[in-house]
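Reading the structure
Below are the chains, spelled out letter by letter.
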Amino acid sequence: MNDKESAAELLATEIRAAYPNLSVTVIEKNETAYVDQADVPDELVEIAVRGISVIDPYSSECTCFPVDPEAYYGIPQAIAQRVSEHNRVAFR
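Residues numbered from 1 in each chain as written. Predicted model: local features only at pLDDT ≥ 70, side-chain atom pairs only at ≥ 80, totals over all residues. Heavy atoms only, no water.

**Side note on the pairing of strand β2 (residues 43-49)**
Put simply, the rule reads: Only protein chains enter the calculation, and the probe is 1.4 Å; a residue is then buried if its accessible area is under 20% of its type maximum, exposed if over 50%, and partly exposed in between. By the criteria applied, helices consist of DSSP H or I runs no shorter than four residues and strands consist of E runs no shorter than two, each listed in order from the N terminus. Strand pairing requires that DSSP identify at least two bridges connecting the strands.
Of all seven residues making up β2, five are buried, and the element is well covered by its neighbours. Where strand β1 (residues 23-28) lies against β2, six bridges are found, and the strand directions are antiparallel. Its bridge partner being in β2, Ser 23 is matched across the sheet by Ala 48. Of the strand pairs in this sheet, β2 and strand β3 (residues 52-54) are connected by three bridges, and their pairing is antiparallel. Within the sheet, the bridge partner assigned to Val 49 lies in β3 and is Ile 52.

Laid out in structure tokens, this is it:
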């Protein structure tokens, strides 16, 4: 393990290893709508599903509706929970 890897990179690497079918990347907070939210980390784990950037697996792509991440996006519950806890964004 590289000591310089961020928590986001470590989580993304772990998800990729366990679920190689998921497209997982790390993005900078300043590339998102969460740029002004102090409680959101500087690096976010993103899962791409059907061309949709999923940062909060518990909300719809428009962020207007709560969703079941496994039924809606095909993201396993355990992964959705870990991504949600890391990204610290939630359906509002």
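Right, picking up where we left off after that structure.
**Observations regarding the nonpolar core**
Using the following cut-off: Only buried residues count toward a nonpolar core. Its members are Ala, Val, Leu, Ile, Met, Phe, Trp, Tyr and Cys residues joined through side-chain atoms within 4.5 Å. A contact between two residues is defined here by any heavy atoms of the two lying within 4.5 Å.
The biggest cluster of nonpolar side chains holds 17 residues, and the ones touching the most others in it are Ile 15, Val 24, Val 45, Ile 47, Tyr 73, Ile 75 and Ile 79. Going through the elements one at a time, α1 (7-18), β2, β3 and α3 (77-87) are the ones with two or more residues in this core. Excluding residues that lie within four positions of it along the chain, Ile 79 makes contacts with Ile 15, Tyr 19, Leu 22 and Ile 47. Listed in part, the six residues of the second largest apolar core include Ile 27, Val 40, Leu 44 and Val 89.

**So, α1**
Side chains that are three or four residues apart share a direction in an α-helix, a result of its 3.6 residues per turn. For clarity, the cut-off: A helix is expected to span 1.5 Å for every residue after the first.
Look at α1: 17 Å from first C-alpha to last across twelve residues, which is about the 16 Å you get at 1.5 Å a residue. In the core, the buried residues of α1 are packed alongside β1, β2 and α3.

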